[in-house]
Amino acid sequence: KVKKVRKNVHFFRPKTKITPRNPKYPMKSTVGRVRMDKYRIIQCPVTTESAMKKIEEINTLVFLVDLQATKLNIKEAVKELYDVKCAKVNTLIRPDGRKKAYVHLTQDYDALDVANRIGI
């Protein structure tokens, strides 16, 4: 028997056959539902004096939103709920642990009309 001469100090494990998974049944019985719907994302509008000033002067709506909601989620939820287009969304987490979103509307929509429609 002839011994193989190794020319390299590193040993590479030989690659064996890897068969793809072929399950007999699905891992989950049902499809998982989306828990972040538009009603969970936007909890309520903020009706303080400073929020009213933003509505009137800089065309911005202020909402309390879910802590896990992203800016894109908030943008889509506002579009679905109030039929308005957002220019941009700014968020912050308040000292009491809730998240607040400033939704800037495009020039086509008036925040005061939308606020009246919501009932602020």
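Structural data are supplied above this passage.
Predicted model only: the values in this text are computed from it and were never measured. (Residues numbered from 1 in each chain as written. Predicted model: local features only at pLDDT ≥ 70, side-chain atom pairs only at ≥ 80, totals over all residues. Heavy atoms only, no water.)

**A short note on the pairing of strand β2 (residues 60–65)**
(1) Moving on: Burial of β2 is extensive: six of the six residues sit out of reach of the surface.
(2) Moving on: A two-sided burial pattern is seen for β2, the buried positions comprising T60, V62 and L64 on one face and L61, F63 and V65 on the other.
(3) Moving on: When strand β1 (residues 42–45) meets β2, the two strands line up antiparallel, connected through three bridges. In the sheet register, P45 faces β2, and the bridge partner there is F63.
(4) Moving on: Pairing of β2 with strand β4 (residues 99–105) involves six bridges; the strand directions are antiparallel. Within the sheet, the bridge partner assigned to L64 lies in β4 and is K100. (Buried < 20%, exposed > 50% of the residue type's maximum accessible area, 1.4 Å probe, protein only. Helix = DSSP H or I, 4+ residues; strand = E, 2+ residues; numbered from the N terminus. Pairing = 2+ DSSP bridges.)

**Brief notes about the environment of L67**
(1) Moving on: Counting through the fold element by element, L67 comes out in the loop between β2 and α3 (71–82).
(2) Moving on: Residue classification places L67 among the partly exposed positions, given a relative accessible area of 42%.
(3) Moving on: Along the backbone, L67 and S50 are 17 residues apart, and their C-alpha atoms lie at a distance of 22 Å.
(4) Moving on: The residues touching L67, leaving out its near neighbours within four places in the chain, are I93, G97, R98 and K99. (Contact = heavy atoms within 4.5 Å.)

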